[in-house]
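Residues per chain are reported as follows:
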Amino acid sequence: MKKSIVILFAVITGFAAFAQNKSTAKPKLEIYYFHATNRCPTCISIEDNTKKVLDTYFKKEVEAGNIKLHVLSCDDEKNKALIDKYGAYGSTLVLQSNIGKSAKDDITNFAFQYSKNNPDKFKSGLKEKIEKMIKWCAD
């Protein structure tokens, strides 16, 4: 009986440690979308289409905590350090890899060019950029 209790305790402790490590582990890829308080239709489409790409193609990675989307206001003083780090102004979309080789890709111009006027091109391009960044940084 004592042996069963010890084994059960070890299993529960192991699961608790695993869950704690998962929740505190840094995502492999962080996507930062900065925006101003007042947003135009293109700015809104960037956020919406980015969420669609993550939900459609990377849902498992997001749920596992390997990819994280941060939607942050440039007008909120608590975001100042990140705004400075990424050079954000108004709407800014940045991919930041945290695995292997660290890499940053500011895709704001791409987002403004395609998100509203050609959303399919934006979504396929964003999917490709995410896949390439994860692959490149993992190598």
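Each value, and the rule that gives it
- Residues numbered from 1 in each chain as written.
- Predicted model: local features only at pLDDT ≥ 70, side-chain atom pairs only at ≥ 80, totals over all residues.
- Heavy atoms only, no water.
- Buried < 20%, exposed > 50% of the residue type's maximum accessible area, 1.4 Å probe, protein only.
- Helix = DSSP H or I, 4+ residues; strand = E, 2+ residues; numbered from the N terminus.
- Pairing = 2+ DSSP bridges.

With that out of the way, let us pick up the pairing of strand β1 (residues 29–35). With 7 of 7 residues buried, β1 lies mostly within the body of the structure. Neither face of β1 is open: one carries L29, I31, Y33 and H35, the other E30, Y32 and F34, and all of them are buried. The pairing of β1 with strand β2 (residues 67–73) spans 7 bridges and is parallel. Residue pairing across strands places Y33 opposite V71, the latter belonging to β2. In this sheet, strand β3 (residues 92–97) lies alongside β1 in antiparallel orientation, the contact comprising 6 bridges. When the bridges of β3 are listed, E30 appears paired with Q96.

Moving on, we come to the pairing of β3. The buried fraction of β3 amounts to 6 of the 6 residues, a majority that puts the element mostly inside the structure. Side chains T92, V94 and Q96 of β3 all project onto a buried face; the interleaved residues L93, L95 and S97 project onto the opposite face, where all are buried too.

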